[in-house]
2 protein chains.
Amino acid sequence: MKDNINNKEITSRDVDFAKWYTDVVRMAKLATYSNTKGCIVFEPNGYAIWEKIQSVLDRMFKETGHQNVYLPLLIPENLMKKEGELINGFAPEAAWVTIGGKKELDEKLCIRPTSETLFSDYYASVVKSYRDLPKLYNQWCSVLRWEKETRPFLRSREFLWQEGHTVHATKEEAERETRQMLDIYNRFFHEYLAIPSIIGKKTDKEKFAGADYTYTVESLMYNGISLQSATSHYFGQRFSKAYDITFLNKDNKLEHVYQTSWGASTRMIGALIMVHSDDRGLVLPPKIASKQVVIVPIKDTDEVMEKANYYANLLNDKGIVTYIDNSNKSAGFRFAEAEVNGIPVRMEIGPRDLEQGQVTLARRDTGDKIQVSINDDMVSTVSKLLDDIQNNLYNRALERRNKMIYTAKDMEEVKKIMNTQPGFIKAMWCGSEECELKMKEIKGLKSRCIPFEDEQEHISDTCVCCGKKAKEMVVWGIQY
Amino acid sequence: MKDNINNKEITSRDVDFAKWYTDVVRMAKLATYSNTKGCIVFEPNGYAIWEKIQSVLDRMFKETGHQNVYLPLLIPENLMKKEGELINGFAPEAAWVTIGGKKELDEKLCIRPTSETLFSDYYASVVKSYRDLPKLYNQWCSVLRWEKETRPFLRSREFLWQEGHTVHATKEEAERETRQMLDIYNRFFHEYLAIPSIIGKKTDKEKFAGADYTYTVESLMYNGISLQSATSHYFGQRFSKAYDITFLNKDNKLEHVYQTSWGASTRMIGALIMVHSDDRGLVLPPKIASKQVVIVPIKDTDEVMEKANYYANLLNDKGIVTYIDNSNKSAGFRFAEAEVNGIPVRMEIGPRDLEQGQVTLARRDTGDKIQVSINDDMVSTVSKLLDDIQNNLYNRALERRNKMIYTAKDMEEVKKIMNTQPGFIKAMWCGSEECELKMKEIKGLKSRCIPFEDEQEHISDTCVCCGKKAKEMVVWGIQY
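Residue indices follow the written sequence of each chain, beginning from 1 at its first position. Chains carry letters from A onward and ligands carry numbers from 1 onward, assigned in written order. Restriction of local features to residues with pLDDT of at least 70 applies here, the model being predicted, together with a cutoff of 80 or more for giving and counting side-chain atom pairs; totals for whole chains, interfaces and linings are based on all residues.

Enquirer: Even after reading the chapter, I still don't get the overall build of chain A, so can you show me in this structure?
Expert: Helix and strand assignments come from DSSP, with helices taken as H or I runs of at least 4 residues and strands as E runs of at least 2, each series counted from the N terminus. On a plain count of helices and strands, chain A comes out with 14 helices and 23 strands. For the radius of gyration, the atoms used are the C-alpha atoms, and the globule rule reads 2.2 Å times the number of residues raised to 0.38. The globule rule puts the C-alpha radius of gyration for 480 residues at 23 Å, and the 25 Å found for chain A is close to it. Along the first, second and third principal axes, the C-alpha set of chain A runs to 80 × 60 × 45 Å. Within chain A, buried positions represent 51% of all 480 residues. A separation of at least 24 residues holds for 70% of the contacts in chain A among residues at least 6 apart in sequence. Counts of 20 or more other C-beta atoms within 10 Å of a residue's own C-beta define buried residues, counts of 12 or fewer define exposed ones, and intermediate counts define partly exposed ones; C-beta atoms are placed from the backbone. A residue pair is marked as a contact if its C-beta atoms, positioned from the backbone, fall within 7 Å.

Written out as structure tokens, the structure reads:
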């Protein structure tokens, strides 16, 4: 058995970021490629992150009155096509079932790439009156999109997500919902994933197929590439007209409902890796780590093991998920393994430590070690340390990201920035798709979002691209 | 608005059980049919039951060392076919994707009907040494089987389930796992679903395609029809040989792993309905109900509402999930709605009650009402009531089921029983498939299971069918 695996085998993220990313995914045993082309196997360590994400988001959704449902995986072609823009948007990526029960089907069935169509069809059958509204439903499921190039968590043919679909009696209420869900995602990114984000509206070119408008949470990875991390769409009456979802309003008149959808996916695991992790492997915010503390007994003497068990029970009882790694490997190997796996805190207990009445706590985020007296209140010491790590990860990511936010007044400035270090570029825009397409010629720059009013800044008077009068400030970036 | 909906619209279960069942599903808003043929929409009330089932089973799995993973939805045909019996078993029910990204695929992909193939392929790639064993993985997902006749929860083309797949270094360990998981299911049925079950081994004819043997949990519905409710399979080395899952054992020799799988599905929701519910709608065991207590204020005076809020907070704080139904409907309507939805306890608070210093508690299972003084310890009173309901449901189901367990010595006795009231028939069997097929001629009777040694009974010396020397006692029944 090798005694020093792990972090030595990880490519440096400053040398080859893409290679580093797949090394971390592999070494931390988050996922592997499967023999189903373009699809991954979510291994226990990767799936545990998703379970944690699910449990927090699910609670946030339920606290705001949402309920979970489950709609079919397969969508009949005819149902899929009722709204024109959505099918146009998703047709190139659709996978179709054509054979079932040994027979060629009369109508082919699309594996859901997203479920607006099915939800609309369902709502049309159950919504009759304003008293039935709103319906605030969410679904946890997998979706399929026939991607050509794939990368674990970031882009694969099948991924896991949640998709909220709501219908409302008024435009105002539906728009409030759209914004509320964006804010929930943003809060989740901040408070749990420890990832700072920029929120705003997508340009018409970048919005979801079939949406009146799309709100987005955009975050920046370590390498300056941006990631669309969660989206919330306002549909107005587009689907309700196509699928005939009507209700008798308070004036006893038939009206079409107002609709939203919003989603976030296992892509967030990719964001976690690319924002926080380092050359020693995975780094996880304590609030998202399924195991928060590992206790490594340096020697398994009775005294050491007794202390290890004592602390494991003590911390677990207080809700700090702790395990003992007493495997038959060197301490160095076990340290490295816990680091690769992103365990936030490591407690080292050795006979010499105990003689001096102390144990050692090591932080995964900074590598710092502190000695703690065994007479200290260990629960509060570890709790505080976990909080510190959570906050430090956010602040570190924020500081790094802020250094990669640039402003540009014209294309020369844009090019100059992009030739050094990519990031978010704040620049004014006239509102024309033509200019968006021109920006794309520079290393694929796309508009990430139009920040809301309170985050709008005045960079210059004129469009960064055409020089005509600017309408608003847009955040640009290269996307995953 | 009608004032007395609900339970009056439910067909009596003694008049037309099948109609009663679909009435309950519809009125309790558990599920509706969707426009994807053979598939249902799990509505909030139905999905909430599934979430509760998931949370309990998931905890039980994790407590016994299992971890969750997620493997792809799609299985390449070639991978699906590596083990002959499984594909033979599932081919008639398979759905195939033949088009992806607007192109005809070179190899068609099967939507998973079950995932032995993918797990085996995955294990073959990650298991190298006895040190990697056991792998105790579980997956929560949906599966697809192209059924012809469907019925909500009991049989539909797509359903939700969990499938555990484990690999072990020894036969003994794998067999222990197979039995352990059966026992976990059985305990879950008893302690949570309040459903008494018979456990045992399937005959070769009835075992899972590709298994060495299959253990099963069999329960009996109100109408005497039996339901295969959960299964646990021992595969031996059948898949590990087909998929070449080998490991270096402690003697440094290459050996094929020993494998199990086990699963339970949303079919359990069907069992819950058909065992406990009645002509007034759904009845749920308190441990599975997502809402345990509804408080119905008879009038919304300040005093009544204050008390309602007080009790709602008090009970919720103690983990008893309670809500207030203060909707703009008559008390009778609200009572009926809570009954249809299977809320275990209803607390009625009216001004007259309060004048007399009391509130009324109504049990969903028996309909009994009791007056409780507002000076009583409400938390302990309600807790005890919920326990009583949980126990009563189990005992009631057990008593009813026991009345429907018959013994038969020959075919005349079998026919006589089946002409009156179906149920479980205990009868001796010679072990031949021929006799199993003969039994099937009597209203479709099938062997449900061969109970384990401690549950074996000696009914007679000879096979119920052919009269030759009997090998063992088998439980027979008509199945859903």
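Enquirer: Even after reading the chapter, I still don't get the sheet that holds strand β16 (residues 322–324) of chain B, so can you show me in this structure?
Expert: By definition, the strands of a sheet pair up through backbone hydrogen bonds, in either a parallel or an antiparallel sense. Residues and elements named next belong to chain B. Note: two strands are recorded as paired if DSSP finds a minimum of 2 bridges between them. Spatial strand order, β16-β15-β17-β18-β19: five strands in an open sheet with mixed pairing. The sheet is open, and its two borders are formed by β16 and β19 (369–373), each paired with just one other strand. Adjacent strand axes in the sheet meet at a mean angle of 25°, parallel and antiparallel pairs treated alike. Where strand β15 (residues 293–297) lies against strand β17 (residues 345–349), five bridges are found, and the strand directions are parallel. Paired with Val296 across the two strands is Glu348, which belongs to β17. To define axes, lines are fitted to C-alpha atoms, for helices over the stretch in contact only, and angles between the resulting N-to-C directions are given on a 0 to 180 degree scale. The sheet contacts of helix α9 (residues 302–317) involve β15, β16 and β17, and relative to β15 the element is tilted by about 170°. Contacts between helix α10 (residues 331–340) and the sheet are confined to β15 and β17, with β15 contributing the most and set at about 175° to the helix.

Enquirer: Looking at this structure, I do not really get helix α6 (residues 171–191) of chain A. What am I missing?
Expert: Think of an α-helix as 3.6 residues a turn; residues three or four steps apart then line up on the same face. All names here are of chain A. To estimate the expected span of a helix, count its residues, drop one, and scale the result by 1.5 Å. Taking 1.5 Å as the rise per residue, α6 with 21 residues should run 30 Å; its terminal C-alpha atoms sit 30 Å apart, in good agreement. Burial in α6 covers these residues: Ala174, Glu177, Thr178, Met181, Leu182, Ile184, Tyr185, Asn186, Phe188 and Phe189. In this structure, the buried residues of α6 make contact with α2 (44–63), β8 (158–168), β9 (197–201), β10 (213–220), β11 (226–236) and β14 (258–265).

Enquirer: Quick question: what am I supposed to make of the sheet that holds strand β8 (residues 158–168) of chain B here?
Expert: Residues and elements named next belong to chain B. Here 11 strands make up an open sheet; going across it, the order is β3-β7-β8-β14-β11-β10-β9-β22-β23-β21-β20 and the pairing mixed. The open sheet terminates on both sides in strands that have one partner only, identified here as β3 (67–68) and β20 (405–407). Pairing of strand β9 (residues 197–201) with strand β10 (residues 213–220), which is carried by five bridges, proceeds in the antiparallel orientation. Looking at β10, one finds that Ile198 is bridged to Glu218. Sheet contacts for helix α6 (residues 171–191): β8, β9, β10, β11 (226–236) and β14 (258–265); angle to β11, the most-contacted strand, approximately 165°.

Enquirer: Would you mind showing me how to read the interface of chain B and chain A here?
Expert: It is common to give the size of an interface as the accessible area lost on bringing the parts into contact. Each partner contributes residues to the interface: chain B has 39 residues there, and chain A has 41 residues. Of all elements in the fold, only β2 (40–42), α2 (44–63), β3, β4 (74–76), β5 (95–100), α5 (116–126), β7 (135–144) and β8 of chain B reach the threshold of two or more residues within the side of chain B that touches chain A. The leading source of residues in the side of chain B that touches chain A is β5 of chain B, at six residues. Taken together, the residues that form the side of chain B that touches chain A break down as 24 nonpolar, nine polar and six charged. Under the grouping applied here, Gly and all other residues not named as nonpolar or charged are polar, the nonpolar ones being Ala, Val, Leu, Ile, Met, Phe, Trp, Tyr, Cys and Pro and the charged ones Asp, Glu, Lys and Arg.

Enquirer: Just to check I follow, could you spell out the nonpolar core for this structure?
Expert: Considering soluble globular proteins, one finds that nonpolar side chains tend to be buried as a cluster. Working definition: the nonpolar core is a set of buried Ala, Val, Leu, Ile, Met, Phe, Trp, Tyr and Cys residues, joined through C-beta atoms within 7 Å. One finds Leu193 and Leu272 of chain A together with Leu193 and Leu272 of chain B to be the most contacted residues of the largest nonpolar core, which totals 302 residues. Leaving out residues up to four positions away in the same chain, Leu193 of chain B has contacts with Phe188, Met268, Ala271, Leu272, Pro285 and Ile288 of chain B.

Enquirer: Teacher, can you tell me more about the relation of the copies chain B and chain A here?
Expert: Taken together, a rotation about one axis and a shift along it account for how the two chain copies relate. The atoms used to superpose the copies are C-alpha atoms, taken from residues with pLDDT of at least 70 in both, and the fit is least squares. Superposition record for chain B on chain A: RMSD 0.0 Å, screw rotation 180°, translation along axis 0.0 Å. These values place the two chain copies in the arrangement generated by a two-fold rotation axis. Residue Val97 of chain B, judged by its C-alpha, is the member of chain B lying nearest the rotation axis, at 2.1 Å. Of the interface residues in chain B, 100% have counterparts in chain A that sit at the interface too, so the contact is made through matching surfaces.

Enquirer: Help me understand the environment of Ile53 of chain B, please; the structure alone is not making it clear to me.
Expert: All names here are of chain B. By the element assignment, Ile53 lies in helix α2. The buried category is assigned to Ile53, around which 22 C-beta atoms lie within 10 Å. Spatially, the C-alpha atom of Ile53 lies 9.6 Å from that of Ser265, the residues being 212 residues apart in sequence. Ignoring sequence-local partners within four residues, the contact set of Ile53 consists of Met268 and Ile288.

Enquirer: In this structure, what is going on with the environment of Gln237 of chain A? I would like to understand it.
Expert: Residues and elements named next belong to chain A. By secondary structure assignment, the location of Gln237 is in the loop between β11 and α7 (238–242). The exposure class assigned to Gln237 is partly exposed, which follows from the 17 C-beta atoms found within 10 Å. Residues Gln237 and Ala211, 26 residues apart in the sequence, show an inter-C-alpha distance of 9.6 Å. Those residues within four positions of Gln237 in sequence are excluded, and the remaining contacts are His256 and Tyr258.

Enquirer: What exactly am I supposed to notice about the pairing of strand β22 (residues 446–451) of chain A here?
Expert: The side chains of a regular strand alternate between the sheet's two faces. Residue and element names in this part refer to chain A. Relative to β22, β9 runs antiparallel, the two being bridged by two bridges. Its bridge partner lying in β22, Lys201 is registered against Ile450. Judged from the three bridges that link them, β22 and strand β23 (residues 472–477) form a sheet pairing that is antiparallel. Among the inter-strand pairings, Cys449 is bridged to a residue of β23, identified as Val475.

Enquirer: Which parts of the structure should I look at to understand unusual backbone geometry?
Expert: It is generally the case that most residues other than glycine have a negative phi and that most peptide bonds are trans. Cis geometry is found at the peptide bond from Leu133 of chain A to Pro134 of chain A, where omega equals -5°. Take Pro134 of chain A: it is sitting in the loop between α5 (116–126) and β7 (135–144). Even without glycine at this site, Lys102 of chain B takes up a positive phi of about 70°. Secondary-structure assignment places Lys102 of chain B in the loop between β5 and β6 (103–111). You can call Lys102 of chain B exposed: it has 11 C-beta atoms within 10 Å.

Enquirer: Can you help me understand the packing of α9 of chain B against helix α12 (residues 378–403) of chain B in this one?
Expert: A pair of packed helices is characterised by two quantities: the angle between their axes and the separation of those axes. All names here are of chain B. The contact between α9 and α12 brings their axes to 10 Å, and the two run at 65°. When the axes of α9 and α12 are compared, the crossing they make is right-handed. From α9, Tyr311, Leu314 and Leu315 reach across to α12, where they touch Met378, Val379 and Val382. In this scheme the handedness of a crossing depends on how the near helix is turned from the far one: anticlockwise by less than a right angle means left-handed, clockwise means right-handed.

Enquirer: Explanation requested: α2 of chain A in the structure shown.
Expert: For α2 of chain A, which comprises 20 residues, the first-to-last C-alpha distance of 28 Å matches the rise-based estimate of 28 Å (1.5 Å per residue) to within 8%. Taken residue by residue, α2 of chain A has Asn45, Gly46, Tyr47, Ala48, Ile49, Trp50, Ile53, Leu57 and Phe61 of chain A as its buried positions.

Enquirer: How should I be thinking about the domain arrangement of chain A in this particular structure?
Expert: Looking at chain A, the domain boundaries give domain 1 (6–72 + 120–276), domain 2 (293–384) and domain 3 (405–477). A straight line from the C-alpha centre of domain 2 of chain A to that of domain 3 of chain A covers 49 Å. Annotation comment: domain bounds sourced from an automatic or database domain assignment.

Enquirer: Sorry if this is basic, but what is going on with the packing of α2 of chain A against helix α8 (residues 267–276) of chain A here?
Expert: Residues and elements named next belong to chain A. Where α2 meets α8, the axes come as close as 10 Å, and the angle between the chain directions of the two elements is 110°. As far as their axial angle goes, α8 and α2 are roughly perpendicular. From α2, Gly46, Ile49, Trp50 and Ile53 reach across to α8, where they touch Met268, Ile269 and Leu272. Residue classes in the contact of α2 with α8 are distributed as six nonpolar, one polar and no charged. Oblique is the label for any angle not under 35 degrees, not over 145, and not in the 65 to 115 range, which are roughly parallel, roughly antiparallel and roughly perpendicular in turn.

Enquirer: Looking at this structure, I do not really get the pairing of strand β18 (residues 358–363) of chain A. What am I missing?
Expert: Residue and element names in this part refer to chain A. Relative to β18, strand β17 (residues 345–349) runs antiparallel, the two sharing four bridges. When the bridges of β18 are listed, Val345 appears paired with Arg363. Across five bridges, the pairing between β18 and strand β19 (residues 369–373) is antiparallel. Of the residues in β19, the one forming a bridge with Ala362 is Lys369. Once β18 ends, the chain turns through five residues before running back antiparallel as β19, passing Gly367 with a positive phi of about 85°.

Enquirer: Help me out: how do you make sense of the confidence of the model for chain A in this one?
Expert: Regions with low pLDDT carry predicted coordinates that are not meant to be interpreted in detail. Think of pLDDT as the predictor's per-residue confidence, scored from 0 to 100. Mean pLDDT for chain A: 96, with 99% of residues reaching 70 or above. Overall fold confidence for the complex sits at a pTM of 0.96, while the interface term, ipTM, reaches 0.96.

Enquirer: When you look at the environment of Lys52 of chain B in this model, what are you seeing that I'm missing?
Expert: All names here are of chain B. Tracing the sequence through the fold places Lys52 in helix α2. Between the alpha carbons of Lys52 and Ser290 there is a distance of 6.7 Å; along the sequence they are 238 residues apart. In this view, Lys52 contacts Ile288 and Ser290; residues no more than four positions away in its chain are not counted.

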